[in-house]
Amino acid sequence: MRVAFVGKGGSGKTTLSALFSRHLARSGAPVVAIDGDINQHLAYALGLDEAEPFAAPPLSSRLGEIKDFLRGTNPRIASRDAMIKTTPPGRGSRLLRPLGDDEVHARHIQLVDGVPVMVTGAFDESDLGVSCYHSKLGAVELYLNHLVDGPGEYVVVDMTAGADAFASGLFTRFDLTILVAEPTRKGVSVYRQYRDHAAEFGIPIAVVGNKVTGEDDLLFLKEHVGDDLLAYCEQSSWVRAREQGRGEGELEPHNLHTLRLLKDALDARTKDWDTFQRHAVEFHLRNATAWADRATGQDLATQVDPDFRHGPAALTAPASV
(Lines give C-alpha, C1' and ligand atoms only; values in the text may rest on other atoms or scores of the structure.)
Protein backbone atom coordinates (compact mmCIF):
# COMPACT_ATOMS: atom_id res chain seq x y z
CA MET A 1 0.00 0.00 0.00
CA ARG A 2 1.31 3.42 -0.97
CA VAL A 3 0.95 6.57 1.10
CA ALA A 4 2.11 10.11 0.34
CA PHE A 5 2.71 12.75 2.99
CA VAL A 6 2.05 16.28 1.76
CA GLY A 7 1.55 19.68 3.36
CA LYS A 8 2.76 23.23 3.68
CA GLY A 9 6.48 23.74 4.11
CA GLY A 10 7.30 23.46 7.80
CA SER A 11 4.09 21.58 8.65
CA GLY A 12 6.02 18.52 9.78
CA LYS A 13 5.30 16.21 6.84
CA THR A 14 8.90 14.95 6.71
CA THR A 15 8.83 14.27 10.45
CA LEU A 16 5.51 12.40 10.12
CA SER A 17 6.85 10.45 7.11
CA ALA A 18 9.83 9.37 9.18
CA LEU A 19 7.78 8.50 12.27
CA PHE A 20 5.30 6.47 10.23
CA SER A 21 8.04 4.65 8.29
CA ARG A 22 9.81 3.75 11.53
CA HIS A 23 6.52 2.64 13.09
CA LEU A 24 5.85 0.29 10.17
CA ALA A 25 9.38 -1.10 10.11
CA ARG A 26 9.34 -1.79 13.84
CA SER A 27 6.05 -3.65 13.46
CA GLY A 28 7.92 -6.08 11.19
CA ALA A 29 6.15 -4.96 8.01
CA PRO A 30 8.08 -4.59 4.74
CA VAL A 31 8.39 -0.87 4.06
CA VAL A 32 10.25 1.38 1.62
CA ALA A 33 10.56 5.07 2.47
CA ILE A 34 11.21 7.43 -0.44
CA ASP A 35 12.36 11.02 -0.11
CA GLY A 36 10.59 12.93 -2.87
CA ASP A 37 11.05 16.39 -1.34
CA ILE A 38 13.41 18.94 -2.83
CA ASN A 39 15.02 19.43 0.62
CA GLN A 40 15.98 15.72 0.97
CA HIS A 41 15.71 15.56 4.78
CA LEU A 42 13.91 12.23 5.29
CA ALA A 43 17.00 10.14 6.05
CA TYR A 44 18.15 12.71 8.60
CA ALA A 45 14.68 12.78 10.19
CA LEU A 46 15.08 9.02 10.57
CA GLY A 47 18.34 9.50 12.42
CA LEU A 48 21.16 9.69 9.88
CA ASP A 49 23.89 11.94 11.23
CA GLU A 50 23.75 15.40 9.62
CA ALA A 51 27.47 15.21 8.87
CA GLU A 52 27.10 11.86 7.08
CA PRO A 53 26.08 11.82 3.42
CA PHE A 54 23.42 9.42 2.23
CA ALA A 55 25.49 6.60 0.75
CA ALA A 56 23.14 4.97 -1.78
CA PRO A 57 22.95 6.72 -5.17
CA PRO A 58 19.85 8.84 -5.80
CA LEU A 59 17.25 7.40 -8.13
CA SER A 60 17.61 10.38 -10.45
CA SER A 61 21.34 9.76 -10.88
CA ARG A 62 20.73 6.48 -12.70
CA LEU A 63 17.48 7.25 -14.45
CA GLY A 64 18.72 5.82 -17.75
CA GLU A 65 19.66 2.49 -16.19
CA ILE A 66 16.33 2.35 -14.34
CA LYS A 67 14.48 2.93 -17.62
CA ASP A 68 16.45 0.17 -19.34
CA PHE A 69 15.63 -2.24 -16.54
CA LEU A 70 11.94 -1.42 -16.36
CA ARG A 71 11.23 -1.48 -20.09
CA GLY A 72 12.59 -5.03 -20.25
CA THR A 73 11.45 -6.64 -23.53
CA ASN A 74 8.41 -4.40 -23.99
CA PRO A 75 8.40 -3.90 -27.79
CA ARG A 76 6.32 -0.71 -27.48
CA ILE A 77 9.28 1.13 -25.90
CA ALA A 78 12.12 1.37 -28.41
CA SER A 79 14.79 2.81 -26.10
CA ARG A 80 15.41 4.61 -22.83
CA ASP A 81 15.21 7.90 -24.74
CA ALA A 82 11.62 7.09 -25.73
CA MET A 83 10.64 6.35 -22.13
CA ILE A 84 9.34 9.31 -20.13
CA LYS A 85 8.32 9.62 -16.50
CA THR A 86 4.70 8.67 -17.21
CA THR A 87 5.36 5.69 -19.51
CA PRO A 88 3.08 2.93 -18.21
CA PRO A 89 4.14 -0.70 -18.11
CA GLY A 90 2.94 -3.18 -20.67
CA ARG A 91 3.56 -6.79 -21.56
CA GLY A 92 7.30 -7.38 -21.49
CA SER A 93 7.97 -4.63 -18.93
CA ARG A 94 9.73 -5.58 -15.73
CA LEU A 95 7.54 -5.11 -12.67
CA LEU A 96 8.85 -4.49 -9.17
CA ARG A 97 7.92 -5.93 -5.81
CA PRO A 98 8.55 -3.96 -2.58
CA LEU A 99 12.11 -4.75 -1.49
CA GLY A 100 12.30 -7.27 -4.32
CA ASP A 101 15.45 -8.98 -5.53
CA ASP A 102 16.11 -6.54 -8.36
CA GLU A 103 18.77 -4.04 -9.32
CA VAL A 104 16.67 -0.96 -8.52
CA HIS A 105 16.27 -1.87 -4.85
CA ALA A 106 19.75 -3.41 -4.60
CA ARG A 107 21.46 -0.24 -5.85
CA HIS A 108 19.39 2.52 -4.31
CA ILE A 109 18.32 1.42 -0.83
CA GLN A 110 20.13 2.36 2.36
CA LEU A 111 19.01 1.27 5.82
CA VAL A 112 18.54 4.16 8.25
CA ASP A 113 17.46 3.18 11.78
CA GLY A 114 16.08 -0.06 10.37
CA VAL A 115 14.10 1.66 7.60
CA PRO A 116 14.98 0.98 3.93
CA VAL A 117 15.27 4.43 2.31
CA MET A 118 15.58 5.61 -1.29
CA VAL A 119 16.09 9.24 -2.30
CA THR A 120 15.35 11.13 -5.50
CA GLY A 121 18.39 13.36 -5.21
CA ALA A 122 18.89 17.03 -4.46
CA PHE A 123 19.24 19.89 -6.90
CA ASP A 124 22.84 20.46 -7.88
CA GLU A 125 24.58 23.34 -9.62
CA SER A 126 23.94 21.94 -13.09
CA ASP A 127 20.17 21.96 -12.46
CA LEU A 128 19.91 25.61 -11.47
CA GLY A 129 18.03 27.68 -14.00
CA VAL A 130 17.74 24.67 -16.32
CA SER A 131 15.24 22.16 -14.92
CA CYS A 132 12.49 21.90 -12.33
CA TYR A 133 12.47 19.41 -9.48
CA HIS A 134 9.94 17.24 -11.30
CA SER A 135 12.81 16.08 -13.49
CA LYS A 136 14.11 14.33 -10.37
CA LEU A 137 10.70 12.98 -9.38
CA GLY A 138 10.31 11.22 -12.72
CA ALA A 139 12.28 8.27 -11.34
CA VAL A 140 9.82 7.93 -8.45
CA GLU A 141 6.85 8.05 -10.83
CA LEU A 142 8.35 5.31 -13.00
CA TYR A 143 9.11 3.25 -9.90
CA LEU A 144 5.53 3.50 -8.64
CA ASN A 145 4.11 2.88 -12.13
CA HIS A 146 5.94 -0.45 -12.26
CA LEU A 147 5.43 -1.50 -8.64
CA VAL A 148 3.08 -4.31 -7.63
CA ASP A 149 2.45 -3.99 -3.91
CA GLY A 150 -0.25 -5.49 -1.76
CA PRO A 151 -1.79 -5.53 1.73
CA GLY A 152 0.80 -5.51 4.49
CA GLU A 153 3.48 -4.01 2.21
CA TYR A 154 4.12 -0.29 2.44
CA VAL A 155 5.71 2.49 0.40
CA VAL A 156 5.91 5.84 2.19
CA VAL A 157 6.76 8.92 0.10
CA ASP A 158 7.67 12.30 1.57
CA MET A 159 6.44 14.65 -1.16
CA THR A 160 7.27 18.20 -2.16
CA ALA A 161 5.69 20.97 -0.10
CA GLY A 162 2.44 22.67 -1.04
CA ALA A 163 0.24 21.75 -3.99
CA ASP A 164 3.23 21.44 -6.31
CA ALA A 165 2.73 17.68 -6.52
CA PHE A 166 -0.16 18.33 -8.91
CA ALA A 167 2.31 19.46 -11.56
CA SER A 168 2.68 15.78 -12.53
CA GLY A 169 0.61 12.61 -12.40
CA LEU A 170 2.55 11.43 -9.36
CA PHE A 171 -0.32 12.40 -7.06
CA THR A 172 -2.46 9.59 -8.55
CA ARG A 173 0.04 6.86 -7.61
CA PHE A 174 -1.06 6.39 -3.99
CA ASP A 175 -3.69 4.46 -2.08
CA LEU A 176 -3.96 7.31 0.42
CA THR A 177 -2.59 10.83 0.62
CA ILE A 178 -2.08 12.23 4.09
CA LEU A 179 -2.02 15.99 4.34
CA VAL A 180 -0.21 17.29 7.41
CA ALA A 181 -1.79 20.55 8.61
CA GLU A 182 -0.85 22.87 11.41
CA PRO A 183 -3.77 24.54 13.23
CA THR A 184 -3.33 27.86 11.43
CA ARG A 185 -5.00 29.57 8.47
CA LYS A 186 -1.93 28.99 6.33
CA GLY A 187 -1.81 25.40 7.54
CA VAL A 188 -5.29 24.59 6.25
CA SER A 189 -5.00 26.60 3.02
CA VAL A 190 -2.91 23.87 1.38
CA TYR A 191 -5.55 21.37 2.48
CA ARG A 192 -8.22 23.25 0.51
CA GLN A 193 -6.04 23.27 -2.61
CA TYR A 194 -5.28 19.58 -2.32
CA ARG A 195 -8.89 18.67 -1.53
CA ASP A 196 -10.20 20.45 -4.61
CA HIS A 197 -7.58 19.04 -6.98
CA ALA A 198 -7.85 15.51 -5.57
CA ALA A 199 -11.64 15.48 -5.81
CA GLU A 200 -11.43 15.91 -9.58
CA PHE A 201 -9.70 12.53 -9.89
CA GLY A 202 -11.25 10.72 -6.93
CA ILE A 203 -7.98 10.69 -4.99
CA PRO A 204 -8.56 9.80 -1.31
CA ILE A 205 -7.03 12.20 1.19
CA ALA A 206 -6.94 12.37 4.97
CA VAL A 207 -5.71 15.15 7.22
CA VAL A 208 -3.45 14.76 10.23
CA GLY A 209 -3.27 17.81 12.44
CA ASN A 210 0.21 18.51 13.72
CA LYS A 211 1.76 20.55 16.55
CA VAL A 212 -1.57 20.65 18.39
CA THR A 213 -1.14 22.24 21.82
CA GLY A 214 -4.69 22.31 23.19
CA GLU A 215 -8.43 22.18 22.65
CA ASP A 216 -8.52 25.46 20.71
CA ASP A 217 -6.12 24.05 18.13
CA LEU A 218 -8.18 20.91 17.76
CA LEU A 219 -11.44 22.83 17.40
CA PHE A 220 -9.84 25.03 14.73
CA LEU A 221 -8.84 21.97 12.70
CA LYS A 222 -12.27 20.39 13.06
CA GLU A 223 -13.92 23.62 11.89
CA HIS A 224 -11.76 24.00 8.78
CA VAL A 225 -11.11 20.38 7.83
CA GLY A 226 -14.27 18.61 8.97
CA ASP A 227 -14.61 14.89 8.34
CA ASP A 228 -11.27 14.71 6.52
CA LEU A 229 -9.51 15.09 9.89
CA LEU A 230 -8.28 11.57 10.62
CA ALA A 231 -6.10 12.19 13.67
CA TYR A 232 -3.73 14.70 15.20
CA CYS A 233 -0.30 14.84 16.77
CA GLU A 234 0.42 16.84 19.88
CA GLN A 235 3.49 19.06 20.09
CA SER A 236 6.21 16.49 20.76
CA SER A 237 9.09 17.03 23.15
CA TRP A 238 10.49 13.65 22.02
CA VAL A 239 10.68 14.81 18.40
CA ARG A 240 12.29 18.07 19.48
CA ALA A 241 14.88 16.15 21.51
CA ARG A 242 15.77 14.01 18.47
CA GLU A 243 16.09 17.12 16.33
CA GLN A 244 18.55 18.45 18.90
CA GLY A 245 20.58 15.22 18.78
CA ARG A 246 19.17 13.70 21.95
CA GLY A 247 17.50 10.31 21.38
CA GLU A 248 16.41 9.27 24.84
CA GLY A 249 12.85 8.33 25.76
CA GLU A 250 9.94 7.22 23.60
CA LEU A 251 7.36 8.93 21.42
CA GLU A 252 4.42 10.20 23.47
CA PRO A 253 1.49 7.72 23.82
CA HIS A 254 -1.00 9.97 22.03
CA ASN A 255 1.31 10.46 19.04
CA LEU A 256 2.05 6.74 18.90
CA HIS A 257 -1.71 6.14 18.87
CA THR A 258 -1.98 8.52 15.90
CA LEU A 259 0.55 6.43 13.96
CA ARG A 260 -1.60 3.36 14.63
CA LEU A 261 -4.66 5.21 13.32
CA LEU A 262 -2.77 6.10 10.13
CA LYS A 263 -1.82 2.47 9.57
CA ASP A 264 -5.41 1.36 10.19
CA ALA A 265 -6.69 3.90 7.66
CA LEU A 266 -4.17 2.78 5.05
CA ASP A 267 -4.90 -0.90 5.67
CA ALA A 268 -8.61 -0.22 5.21
CA ARG A 269 -8.06 0.97 1.65
CA THR A 270 -8.84 -1.46 -1.18
CA LYS A 271 -6.42 -1.69 -4.08
CA ASP A 272 -8.03 -0.48 -7.30
CA TRP A 273 -5.61 -1.54 -10.01
CA ASP A 274 -7.99 -0.66 -12.84
CA THR A 275 -8.24 2.96 -11.69
CA PHE A 276 -4.50 3.06 -11.04
CA GLN A 277 -3.76 1.99 -14.62
CA ARG A 278 -6.43 4.26 -16.08
CA HIS A 279 -4.86 7.28 -14.38
CA ALA A 280 -1.40 6.18 -15.55
CA VAL A 281 -2.55 6.03 -19.16
CA GLU A 282 -4.48 9.30 -18.90
CA PHE A 283 -1.51 11.28 -17.61
CA HIS A 284 0.85 9.61 -20.05
CA LEU A 285 -1.32 10.71 -22.96
CA ARG A 286 -1.57 14.23 -21.49
CA ASN A 287 2.20 14.48 -21.28
CA ALA A 288 2.66 13.00 -24.75
CA THR A 289 0.38 15.64 -26.26
CA ALA A 290 1.71 18.55 -24.20
CA TRP A 291 5.44 18.06 -24.73
CA ALA A 292 6.80 14.52 -24.94
CA ASP A 293 5.87 13.65 -28.53
CA ARG A 294 7.65 16.79 -29.64
CA ALA A 295 10.64 16.18 -27.37
CA THR A 296 11.16 12.56 -28.42
CA GLY A 297 10.02 12.84 -32.02
CA GLN A 298 7.72 9.85 -31.48
CA ASP A 299 4.03 9.13 -31.02
CA LEU A 300 4.13 8.03 -27.39
CA ALA A 301 0.47 7.05 -27.39
CA THR A 302 1.66 3.83 -29.04
CA GLN A 303 3.42 2.91 -25.78
CA VAL A 304 0.05 2.17 -24.18
CA ASP A 305 -0.66 -1.57 -24.17
CA PRO A 306 -4.46 -1.86 -24.23
CA ASP A 307 -4.36 -5.51 -23.17
CA PHE A 308 -2.11 -5.00 -20.13
CA ARG A 309 -3.78 -5.42 -16.75
CA HIS A 310 -1.78 -4.12 -13.81
CA GLY A 311 -1.68 -5.86 -10.45
CA PRO A 312 -0.57 -9.22 -9.01
CA ALA A 313 -1.77 -11.17 -12.05
CA ALA A 314 0.63 -9.20 -14.25
CA LEU A 315 3.58 -10.71 -12.38
CA THR A 316 2.85 -14.13 -13.90
CA ALA A 317 1.23 -13.06 -17.18
CA PRO A 318 2.88 -14.11 -20.47
CA ALA A 319 5.27 -11.52 -21.87
CA SER A 320 4.20 -12.05 -25.48
CA VAL A 321 2.28 -9.38 -27.42
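Small disclaimer: the values here were computed from a predicted structure and weren't measured.

**Q** I'd like a rundown of the pattern of salt bridges, residues and numbers included.
**A** Going through the model one piece at a time under the given rule, you end up with 19 salt bridges. Notably, a salt bridge pairs D113 with R26, separated by 3.2 Å at the nearest N-O pair. One end of the pair, D113, is in the loop between β3 (110–112) and β4 (115–119); the other, R26, is in helix α1 (residues 13–26), and 87 residues separate them in sequence. Exposure remark for R26: the relative accessible area of 58% places this residue in the exposed category. Salt-bridge contacts for R240 lead to E243; the nearest nitrogen and oxygen are separated by 3.7 Å. A residue pair is termed a helical-turn pair when its members lie 3 or 4 positions apart in one helix, as R240 and E243 do in helix α8 (residues 237–243) at 3 residues. Given a relative accessible area of 53%, E243 falls into the exposed group. Bridged by salt links that share partners, the residues R2, D149, D175 and K271 form one connected network.

**Q** Any details on the environment of G169? Residues and values, ideally.
**A** Along the polypeptide, G169 turns up in the loop between β5 (154–158) and β6 (176–181). Residue class for G169 comes out buried when judged on its relative accessible area of 2%. Placed 119 residues apart in sequence, G169 and A288 show a C-alpha to C-alpha distance of 13 Å. Residue contacts for G169: discarding those within four places in its chain leaves E141 and F283.

**Q** Requested: an account of the packing of aromatic side chains, with residues and values cited.
**A** Taken as a whole and judged by the stated rule, the model has 5 aromatic pairs. Arranged with centres 5.5 Å apart and planes meeting at 80°, the rings of W273 and F276 form a pair that is edge-to-face. Placement of the pair is W273 and F276 together in helix α10 (residues 273–296), with a separation of 3 residues, close to one helical turn. Take W273 and F276: they sit in the same class, and that class is buried. Chaining the aromatic ring pairs together yields one cluster made of F171, F201 and F283. Looking at R173, its charged tip hangs above the ring of F276, at a distance of 3.9 Å from the centre. Sitting above the plane of the F283 ring, R286 keeps its charged end 5.0 Å from the centroid.

About the criteria used
- Each residue is numbered by its place in its chain's sequence as written, counting from 1.
- Where local features are concerned, this predicted model is filtered to residues with pLDDT of at least 70; where side-chain atom pairs are given and counted, the filter is 80 or more; whole-chain, interface and lining totals use all residues.
- With hydrogens and water stripped out, all remaining heavy atoms of the structure feed into the side-chain values.
- A carboxyl oxygen of Asp or Glu within 4 Å of a side-chain nitrogen of Lys or Arg is what we treat as a salt bridge.
- Helix numbers and strand numbers start at the N terminus; a helix is a DSSP run of H or I with at least 4 residues, a strand a run of E with at least 2.
- Three exposure classes are used, based on accessible area relative to the maximum for each residue type with a 1.4 Å probe and protein chains only: buried under 20%, partly exposed in between, and exposed over 50%.
- The contact criterion used throughout is that any non-hydrogen atoms of two residues lie within 4.5 Å.
- Two aromatic rings from Phe, Tyr or Trp, using only the six-membered ring of Trp, form a pair when their centres are within 6.5 Å; if the ring planes differ by under 30 degrees the pair is stacked, by over 60 it is edge-to-face, and anything between is tilted.
- The rule for a charge over a ring is simple: NZ of Lys or CZ of Arg within 6 Å of the ring centre, and within 35 degrees of the ring normal.

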